[in-house]
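Per-entry structural report
Residue-level listing of the chains:
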Amino acid sequence: MKGGRRIAGIRRWVTAVAGTLALTGGLLALGPQASAAGLTEVTGFGSNPGNLSMYAYAPAGLPSGAPLVVALHGCTQSASDYYAHSGWPKFADRYGFALVLPQTSSANNANSCFNWFEPGDSSRGRGEALSIRQMVDRAVSQYGSDTRRIYVTGLSAGGGMTANLLAAYPDVFAGGAVDSGLPAYCANTVSAAYTCMYSPPDRTPAQWGDLVRSAAPAGTTSWPRVAVWQGSADTTVRPANATELRDQWTDVWGIGQTPSHTEELGGGTTRTVYDDASGRPAVEVYSVSGMAHGLAVDPGSGPEQCGTTGTYYLDTVCSSYHTARFWGLDGGGPDTGALPAPTGLTVTGTTDTTVALSWDAVPGAVSYTVRRGGTAVGTTTSTAYTDTGLSTGTAYGYTVAAVDRAGAAGAASAPVTATTTGFTPTCHTASNYDHTTAGRAHQSGGYTFANGSDEPMGLWNTFTVHTLEQTAPGHYVVADSGCPAGPPLTAR
């Protein structure tokens, strides 16, 4: 039961992680050992030096030669919890692959975290890492999985373990996804784990890459494709970790840190892509604006939706869908079809409610998909498109992808931003003090005046309240008797 591992450092880790890596919203009780619907416990999968439990799911009638995905839960979670919330079973059914969900326990770590910071658990051929490797072997034997298409993903501590597994077993895993996690081998002690979580070392890409190369078998030249998911408002595993992960894996691939292209997805998510020498995505970074610590899910029945919300399952965008596509589990290759990204995407005109675009033709394309803010808004067979029904005075981001005869969309173009003409008046109700601090008014001699119009508003304090209407950029008028632009947008 690895009792020797429960040293004083781990006790300190357990206490602190209850409010940090085990997360701040209260501990989730581990799910019962009885599996969730469709999830089955598998025993006897090897010597199991890491003292883990193996759970698995495979769609009915799964043929031999299908891919395999290993999914690692976060602290205080369980295999059944991750199965129920993450959305991975939906895509196992849709795309046809088997799932393995390892589970740790309080016998290993009282907070049920995978021990990503322990060299004896996260190195090749040792502890929990070896147990997970043995689960892969058992699944390959049981389901006839394609050994060239084995992938691993994980959340938080599971994400830290994922990065270590990708480094230690690049000959096993073709790709991985680190969700709110840490760079490979960022820490090898409890105190170093805190440093990584809150303020990761600002190592050079080569230094990060060397940690991966030293963990892998000697002579390794083929590396996994890696997706990095990070919320911009994560205060448990700071967003700087995503930057260090990007530096680490782009260096391993030898492709530098300059993006090949970026794309705006739904849920406030920006996807930044780093292509390999052949033009295929090797590293992708998904930054979710405003998301705290957790796994990005998007409940619903839509084709790009998945999962259910819960503690550390956050309603933003379906990370499992985009990760599955990045790995090529949808049958379209790594994330995209074979066609290259259109070039020359240009805004050719705007009105109050429309944006006109044009781009260069892509040989072999039968149509083009236009995306606004990451959402498809139109398809055209020409190299021009006009988006309609837009709001005045508003900025919109666009990308275009070419579609081949098989219906597969190629890589997205470089994005462009267009701003519609006109101005939409808005109303704001607040105290004179808050109007001033928000930039809608200014104060002079203890009195407040509306910006632009200079209308007097009375004393500069928190007790005098007015409604201001913004009638033009930087121009406000007092509208206490009624605001033509509609209900106030603020009330503070």
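Details of the structure are given in the entry above.
None of these values were measured; they are calculated from a predicted model.

What to know about the overall build of the protein
Across its full length, the protein carries 11 helices and 26 strands. Within the protein, residue pairs in contact and separated by at least 24 positions form 65% of the contacts whose partners lie at least 6 positions apart. Of the roughly 18,900 Å² of accessible surface on the protein, 53% is carried by carbon and sulfur atoms.

Examining unusual backbone geometry
You will see that N51, though not glycine, has its phi angle at about 55 degrees, which is positive. Along the chain, N51 turns up in the loop between β1 (40–42) and β2 (53–57). Exposure remark for N51: the relative accessible area of 23% places this residue in the partly exposed category. One non-glycine residue, D454, adopts positive backbone phi at about 60 degrees. Take D454: it is sitting in the loop between β23 (447–450) and β24 (456–459).

A short note on the packing of aromatic side chains
Inspection of every chain in the model, using the stated rule, returns 12 aromatic pairs. With a centroid separation of 5.7 Å and 90 degrees between ring planes, the pair formed by W116 and F117 is classed as edge-to-face. As far as the burial class goes, W116 and F117 line up, both buried. On the basis of an interplanar angle of 35 degrees and a centroid distance of 5.6 Å, the ring pair of Y433 and W460 is categorised as tilted. Of this pair, Y433 sits in helix α11 (residues 432–437) while W460 sits in the loop between β24 and β25 (465–472), placing them 27 residues apart in sequence. Looking at W460, the relative accessible area reads 33%, which means it is partly exposed.

Focus: the state of the cysteines
Tallied over the full model, the rule gives 4 disulfides. The side chain of C75 participates in a disulfide bridge whose partner is C113; the two sulfur atoms lie 2.1 Å from each other. A torsion of 120 degrees about the S-S bond marks the disulfide between C75 and C113 as right-handed. In this pair, C75 is assigned in the loop between β3 (68–72) and α2 (79–85) and C113 in the loop between β4 (98–103) and α4 (119–122), connecting sequence segments 38 residues apart. There is no split in this pair, since C75 and C113 are both buried. Paired by a disulfide, C306 and C318 hold their sulfur atoms 2.1 Å apart.

Cut-offs applied
Residues numbered from 1 in each chain as written. Predicted model: local features only at pLDDT ≥ 70, side-chain atom pairs only at ≥ 80, totals over all residues. Heavy atoms only, no water. Helix = DSSP H or I, 4+ residues; strand = E, 2+ residues; numbered from the N terminus. Contact = heavy atoms within 4.5 Å. Areas by Shrake-Rupley, 256 points an atom, 1.4 Å probe, with all protein chains shown as cover. Buried < 20%, exposed > 50% of the residue type's maximum accessible area, 1.4 Å probe, protein only. Phe/Tyr/Trp six-rings, centres within 6.5 Å; stacked < 30°, edge-to-face > 60°. Disulfide = S-S within 2.5 Å.

Bear in mind that shape data such as this cannot, by itself, settle questions of function.
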